[in-house]
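Understanding the architecture of this molecule
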Protein chains: 2
Amino acid sequence: MKTIYLDHVATNPLHPEVLDAMLPYFKEHYGNPLSVYESGVKAREAIEDARERTASLVNAKAKEIIFTASGAEANNFALKGIAYASQSKGKHIIISKIEHHSILNTARFLEKSGFAVTYLPVDKNGIVNPADVEKAIIKETILISIIHASPEIGTIQPIAEIARIAKQKGVIFHTDAVASVGNIPVDVQSLGVDMLTFAAHQFYGPKGAAALYVKEGIRIVPLIYGGIQEGGRRAGTENVPAIVGMGKAAELTKSDLQKRIDHVKPLRDKLIENTLKIDKVILTGHPENRLPNHASFVVEYIEGEAMMLLLAAKGIYAASGSACSSKALKASPVIISIGIPAHLAQGSVVFTLGEETTDDDINYFNETFPQVIKRLREISPFAKGWEGLEDSTCTARK
Amino acid sequence: MKTIYLDHVATNPLHPEVLDAMLPYFKEHYGNPLSVYESGVKAREAIEDARERTASLVNAKAKEIIFTASGAEANNFALKGIAYASQSKGKHIIISKIEHHSILNTARFLEKSGFAVTYLPVDKNGIVNPADVEKAIIKETILISIIHASPEIGTIQPIAEIARIAKQKGVIFHTDAVASVGNIPVDVQSLGVDMLTFAAHQFYGPKGAAALYVKEGIRIVPLIYGGIQEGGRRAGTENVPAIVGMGKAAELTKSDLQKRIDHVKPLRDKLIENTLKIDKVILTGHPENRLPNHASFVVEYIEGEAMMLLLAAKGIYAASGSACSSKALKASPVIISIGIPAHLAQGSVVFTLGEETTDDDINYFNETFPQVIKRLREISPFAKGWEGLEDSTCTARK
């Protein structure tokens, strides 16, 4: 059976050119980049070359890029690194309610360590109101972190506007751009951000390589102490092949981005248009201001996990936007934050397209998805409504 | 020119079978391991299979293995994770003076965060006295971390004895076994440790994969917060190919370890025997109780970096044991700790053999190294002694 991969927000296949670029660093150039001999020097040069390419994708300087092993690590590093570096100035941090778990849970850890965190609400489209950011800033505020684009609902935040406010108030501003870099143009200069997280596997690069952009002059405390790698800001023997792969993927993405957008957007629009014809299906996230490859819905009366499994049986690979389906068994805070009741949040689904997605794929999807929903509603005990199911259903059903 | 790689302690070439095992996870099975569809399920199964193999190498249970991206990350995780988890019990930590920088610098960070750290001395062979550990333990002690084998001087510590003392006193015991796992048998049960760090690239596995063994029942606070990966203890999309590679490398190491030891030890002994015939060359570390592939020396009147460069010009790749040569420009605390004066510590060199090292390689080394020393002493302004050079030479020569 042909499979149709519509889960590009979860991860992506490696671009063949990226793997080709990586292979020599598994084989001949395996030296430790700190070494003085040839295989070490080659590895070090490759890292610095990759740093240039990676920086260039987001219009940063090479020295402003710190490589990490994942977006989660970069997000933890950003929050804790600024919290510890700036705590003498103040201990207040502002984030939104729809941050990725690597931001939300790090913020909760910092709360236990004596920091105060303000969690900003979003509107029904998932947008943070810049005026709310401005109101939340107090004298002790040292950091604001707002996600650039939501992997669950696709909404793109007014980051430039929020960054401008942060700058006026002298507060460091970080954005988690894991879901946006590779899907829309991201430019740290025009956004005006101080820090930005992005991950290679979101743009056909390898898992195990990500980066934190830290604007020149900003002091950050390491998350991982040890040797002098990454200018002493992130220790550990460099994962040379993965870093090289990130550099190559960044280079390809920079040159192909507009072509990729022009390819996925009409297909995505066709998918949304057809899906919204189905009864009791709601588009989540912003109708226009969203990632061009991203479609997300709440399907009433059906659980996301059941949809995922039945779609997978038909060869369509997608994700439930709800953390429920990824085994955490809690309704997604993102879906709750945009005003969807907890019992409906269970029916959250996310479809994300990629460069290999074809018009035939979307035609097949558009035929199949309504059938899947029909079938599940036929067998669902809740198809006539969710009566008797409390908001706690999800957490209780272990 | 043929090159002879004698820097296996820095990193290792990837075993060809390891790369073969990794490749399918770059290509067909690229799915996110949290996904419900086939390519995700395959990735998840591969991770759990790798976890079994990795655990087996150190005689742990699979669920006691937490994958990280580097030994440095695992060491930071161990120290901070136990510090934060156990701080209500006490805020005292014991380490040795010859720990890796990822332990030393994390300990210093914890000192700034209100923890007290005792740094234990070592004898002239680099051995920590278990009686010193016992004496250092106070009611507030929550963690002891002693390196298993030193990458700089090769000395293997009496870990089982120290672990026994820690257990008697009810203190959690961690060992950094990055330099030992893959070179000697390491068994968490017979050592009796609670936590142990090891890294794949030390035993012909990939960079970007390491592990922290955490004995069942021990509570540890995450270093990287986010999703539910690694049982909620280490977030971030898993680097599936690297983890698979670590599993394969662990399996190969388990079956080949004795053969590898039998191969490198006589060659290493031959190298040491010949090198000690050179005038004013001192073996550093324990003469017998040391890693079987490890030879380390202090060569008087010469800088390690100069030796490295001239050896590299002759095709021999090795490391200076001094952090000086890795650009930190400070005399190595390990070399200082074994009683070598700072001005002699500059002449530290480390040679580490591997499975591809041949008898011819060692013959060539044994011919070449004395010539290199002779040549450097001829041109060294300090060849007659280091008069006029203070202990601060190294730090001052920027």
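Just so we're clear, the structure is a prediction, and the values are computed from it rather than from any experiment.

How large an interface is tends to be reported as the accessible area lost when its parts come together. Each partner contributes residues to the interface: chain B has 60 residues there, and chain A has 60 residues. Counting each side, the surface lost to burial between chain B and chain A is near 4,700 Å², with a carbon and sulfur contribution of 67%. A per-residue breakdown of the area chain B buries against chain A is headed by Y30, Y37 and Y225 of chain B, which together make up 16% of the total. Connecting chain B to chain A are zero salt bridges. On the surface where chain B and chain A come into contact, there are twelve residue pairs in polar contact (both at pLDDT 80 or more). Among the residues making up the side of chain B that touches chain A, the classes are represented as 30 nonpolar, 20 polar and ten charged.

Now for the relation of the copies chain B and chain A. Superposition of chain B onto chain A requires a rotation of 180° combined with a translation of 0.0 Å along the rotation axis, giving an RMSD of 0.0 Å. As the rotation angle and translation indicate, the two copies are arranged about a two-fold axis.

Residues and elements named next belong to chain A. The phi dihedral of K280 is positive, around 55°, even though this residue is not glycine. Turning to its location among the elements, K280 is positioned in the loop between α8 (240-275) and β9 (281-283). Residues other than glycine seldom take positive phi values, yet Y301 does so here, at roughly 75°. For Y301, the location among the structural elements is in the loop between β10 (294-299) and α9 (304-313).

Residues and elements named next belong to chain A. Partitioning chain A into domains gives domain 1 (4-10 + 257-397) and domain 2 (16-253). Each of domain 1 and domain 2 was reduced to a C-alpha centroid, and the two centroids are 28 Å apart. Of the roughly 2,300 Å² buried between domain 1 and domain 2, counting both surfaces, carbon and sulfur atoms make up 56%. The interface formed by domain 1 and domain 2 holds zero salt bridges in total. Linking domain 1 to domain 2 there are 13 residue pairs in polar contact (both at pLDDT 80 or more). Elements with a contribution of two residues or more to the side of domain 1 that touches domain 2: α8, β10 and α11 (333-337). A per-element tally of the side of domain 1 that touches domain 2 places α11 first, with four residues. The residue makeup of the side of domain 1 that touches domain 2, split by class, is 13 nonpolar, 13 polar and four charged.

On to the packing of helix α3 (residues 71-86) of chain A against helix α4 (residues 101-112) of chain A, then. Pairs of packed helices are described in terms of their axes, by the angle between the two and the distance that separates them. Residues and elements named next belong to chain A. Where α3 meets α4, the axes come as close as 9 Å, and the angle between the chain directions of the two elements is 30°. In terms of their interaxial angle, α3 and α4 are classed as roughly parallel. Handedness of the crossing formed by α3 with α4: right-handed. Together, A72, N75, N76, L79, K80, A83 and Y84 of α3 and S102, I103, T106, A107, F109 and L110 of α4 make up the contact between the two elements. For the contact of α3 with α4, the residue count by class is eight nonpolar, four polar and one charged.

Let us look at α3 of chain A. Every α-helix winds through 3.6 residues per turn, so residues three or four apart in the chain are directed the same way. For α3 of chain A, spanning 16 residues, the distance from its first C-alpha to its last is 22 Å, which sits close to the expected 22 Å at 1.5 Å a residue. For α3 of chain A, the buried fraction is high: 16 of the 16 residues fall into the buried class.

Residue and element names in this part refer to chain B. Where strand β3 (residues 92-96) meets strand β4 (residues 116-120), five bridges bridge the pair, whose relative direction is parallel. Pairing of S96 across the sheet is with L120, part of β4. This β-α-β element, β3 to helix α4 (residues 101-112) to β4, shows right-handed connectivity.

This next bit is on the pattern of salt bridges. Per the stated rule, a full pass over the model turns up 40 salt bridges over all chains. Among the ionic pairs, D359 of chain B bridges to K270 of chain B, the shortest N-O distance being 2.7 Å. Here K270 of chain B lies in helix α8 (residues 240-275) and D359 of chain B lies in helix α12 (residues 359-379), a separation of 89 residues in the sequence. Owing to a relative accessible area of 38%, D359 of chain B belongs among the partly exposed residues under this scheme. Where salt bridges share partners, they join E17, D49, R53, K248 and E251 of chain A into one cluster.

On to α12 of chain B, then. Compared with the 30 Å implied by 1.5 Å per residue over 21 residues, the 31 Å span of α12 of chain B between its first and last C-alpha is a close match. Restricting attention to buried positions, one finds in α12 of chain B the residues D361, I362, F365, N366, T368, F369, V372, I373, L376 and R377 of chain B.

Evaluated as defined, the whole model comprises 19 aromatic pairs over all chains. With 4.6 Å between their ring centres and 70° between their planes, F351 of chain B and F365 of chain B make a pair best called edge-to-face. A residue pair is termed long-range when its members are at least 10 positions apart, and F351 of chain B in strand β12 (residues 348-352) and F365 of chain B in helix α12 qualify at 14 residues. By relative accessible area, F351 of chain B is classed as buried at 0%. One aromatic cluster in this structure is built from Y5 and Y317 of chain A together with Y30 and Y37 of chain B. In this arrangement the basic side chain of K91 of chain B is found over the ring face of F115 of chain B, its NZ or CZ atom lying 4.8 Å from the centre.

Moving on to the sheet that holds strand β8 (residues 210-214) of chain A. Residues and elements named next belong to chain A. With respect to topology, seven strands assemble into an open sheet ordered β2-β8-β7-β6-β5-β3-β4, the strand pairing being mixed. Both edges of this open sheet fall to β2 (65-68) and β4 (116-120), since each of them pairs with a single strand only. Going from strand to strand, the sheet's axes swing by 20° on average, the running direction of each strand aside. Examined bridge by bridge, β2 and β8 share four bridges and lie antiparallel to one another. What sits directly across from I65, in β8, is Y213. Along the sheet, helix α2 (residues 38-57) contacts β2, β7 (195-199) and β8; its crossing angle with β2, the most-contacted strand, is approximately 110°. Running over the sheet, α4 touches β3 (92-96), β4, β5 (141-145) and β6 (172-176) and is turned about 150° from β4.

The rules behind each value
- Residues numbered from 1 in each chain as written.
- Chains lettered and ligands numbered in written order.
- Predicted model: local features only at pLDDT ≥ 70, side-chain atom pairs only at ≥ 80, totals over all residues.
- Heavy atoms only, no water.
- Contact = heavy atoms within 4.5 Å.
- Buried area = accessible area lost by both parts, 1.4 Å probe.
- Salt bridge = Lys/Arg side-chain N within 4 Å of Asp/Glu carboxyl O.
- Polar contact = N/O pair within 3.5 Å; in protein donor to acceptor, adjacent residues only side chain to side chain.
- Nonpolar A, V, L, I, M, F, W, Y, C, P; charged D, E, K, R; others polar.
- Least-squares fit on C-alpha atoms with pLDDT ≥ 70 in both.
- Helix = DSSP H or I, 4+ residues; strand = E, 2+ residues; numbered from the N terminus.
- Domains from an automatic or database assignment.
- Axes fitted to C-alpha atoms, helices over the stretch in contact; angles between N-to-C directions.
- Parallel < 35°, antiparallel > 145°, perpendicular 65-115°, else oblique.
- Left-handed = near helix turned anticlockwise from the far one by under 90°.
- Expected span 1.5 Å × (residues − 1).
- Buried < 20%, exposed > 50% of the residue type's maximum accessible area, 1.4 Å probe, protein only.
- Pairing = 2+ DSSP bridges.
- Right-handed = clockwise from strand over helix to strand, strands pointing away.
- Phe/Tyr/Trp six-rings, centres within 6.5 Å; stacked < 30°, edge-to-face > 60°.
- Lys NZ or Arg CZ within 6 Å of the ring centre and 35° of its normal.

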